[in-house]
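# Summary of the model geometry
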Amino acid sequence: MLATLKRGWWLMVLRGVIAVLFGVLAFAYPGRTGEVLVYLFGAYALVNGIFTLGLAMRAPKGTPGIGYLVVLGLLGVAAGILTFFYPGITAASLLAIIAVWAIFTGVFEISVAIKLRKELSNEWMLILAGVLSAAFGVLVIAMPRAGATSIIWLIGTYAIVFGIMLLTAAFRLKGLVSQARSATRPA
């Protein structure tokens with residue numbers, strides 16, 4: 001699994017950048033709550049799912065934990081597609097999709113970090129990203145009647161923090177790749 005993440009570290013960078021961009025846009029356009037939220041979330045979930053599937057496809061055959069990436073990618077793609085096909089869904093339905101997706105994302109991120117704890121230093125960043133994601137999903141379920149702007153700000157904050165955690169983890173993985181290349185070069 002670590003080898004796959006090392007090879008696809010740049011896909012984690014793209015996921016992180018898209019998450020941060022999504023969060024910033026959520027803050028920039030809080031007045032157009034329903035429409036903006038639907039399309040921003042749909043785009044984010046779809047692209048995030050595609051990049052996660054890309055990471056899974058780049059994994060060598062037999063890589064342990066690849067199923068986690070496939071499931072997470074498919075959930076993202078499905079959440080994005082459903083959002084675009086049904087833009088008129090109610091706020092509660094959209095929030096339920098977001099909440100379930102965030103909880104599953106969190107659980108899978110934590111699971112991957114635990115599997116890699118002996119191979120990856122500072123795996124706590126991936127664990128923290130997973131905890132934040134799962135906690136966010138639980139909060140969205142617990143507060144469905146909160147004001148739309150508050151929910152958008154919560155979603156924006158989550159996306160920015162999650163994106164920063166992914167960027168941090170990705171650049172740490174890139175560092176491992178650089179260290180491995182340096183160690184294998186003849187003196």
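In case you missed it, the structure is sitting above this.
A short tour of the structure in this document, coming up. Along each chain, residues carry numbers from 1 onward, in the same order as the chain's sequence is written. Per-residue local features are limited, in this predicted model, to residues with pLDDT of at least 70; the limit for side-chain atom pairs, both in listing and counting, is 80 or more; totals at the level of whole chains, interfaces and linings are taken over all residues. With hydrogens and water excluded, all non-hydrogen atoms of the structure serve as input to the side-chain values.

### Considering the overall build of the chain
- To qualify as a helix, a DSSP run of H or I must reach at least 4 residues; to qualify as a strand, a run of E must reach at least 2; elements of each kind are numbered from the N terminus. For the chain, the count of helices and strands is seven helices and zero strands.
- In the chain, the order of α-helices and β-strands from amino to carboxyl end is α-α-α-α-α-α-α.
- The contact definition used throughout considers only heavy atoms, calling two residues in contact when any of these lie within 4.5 Å. Of the contacts made within the chain by residues no fewer than 6 positions apart, 82% connect residues no fewer than 24 positions apart.
- We get accessible surface area from the Shrake-Rupley algorithm with a probe of 1.4 Å; when it comes to residues, only the shown protein chains can shield them. Put simply, the chain shows about 9,200 Å² of open surface, and 71% of that area lies on carbon and sulfur atoms.

### Considering empty space enclosed by the protein
- Buriedness of a pocket was judged along seven lines, with at least five required to meet protein on both sides within 12 Å; pockets are open sets of points on a 1 Å grid over the protein atoms alone, cavities are sets where a 1.4 Å probe fits but cannot get out, and lining residues have an atom within 4 Å of a point. Grid points are joined across faces, edges and corners, and a volume is the space filled by probe spheres set on the points. Applying the stated criterion across every chain, the model contains three cavities of 30 Å³ or more.
- In this structure, the second largest cavity spans a volume of roughly 50 Å³.
- Together, Leu 120, Ser 121, Asn 122, Glu 123, Met 125, Leu 126, Ala 169, Arg 172 and Leu 173 line the second largest cavity.
- The set of elements that each furnish at least two residues to the lining of the second largest cavity consists of helix 6 (124-142) and helix 7 (148-184).
- Considering each element in turn, the lining of the second largest cavity owes the most residues, three residues, to helix 7.
- When the residues that make up the lining of the second largest cavity are grouped by side-chain class, the tally is five nonpolar, two polar and two charged. The classification used treats Ala, Val, Leu, Ile, Met, Phe, Trp, Tyr, Cys and Pro as nonpolar, Asp, Glu, Lys and Arg as charged, and all other residues, Gly among them, as polar.

### Some details on the side chain of Glu 109
- Counting through the fold element by element, Glu 109 comes out in helix 5 (residues 91-115).
- If near-sequence neighbours (up to four positions away) are discounted, Glu 109 is found in contact with Arg 15, Leu 72, Leu 126, Gly 130, Phe 162 and Leu 166.

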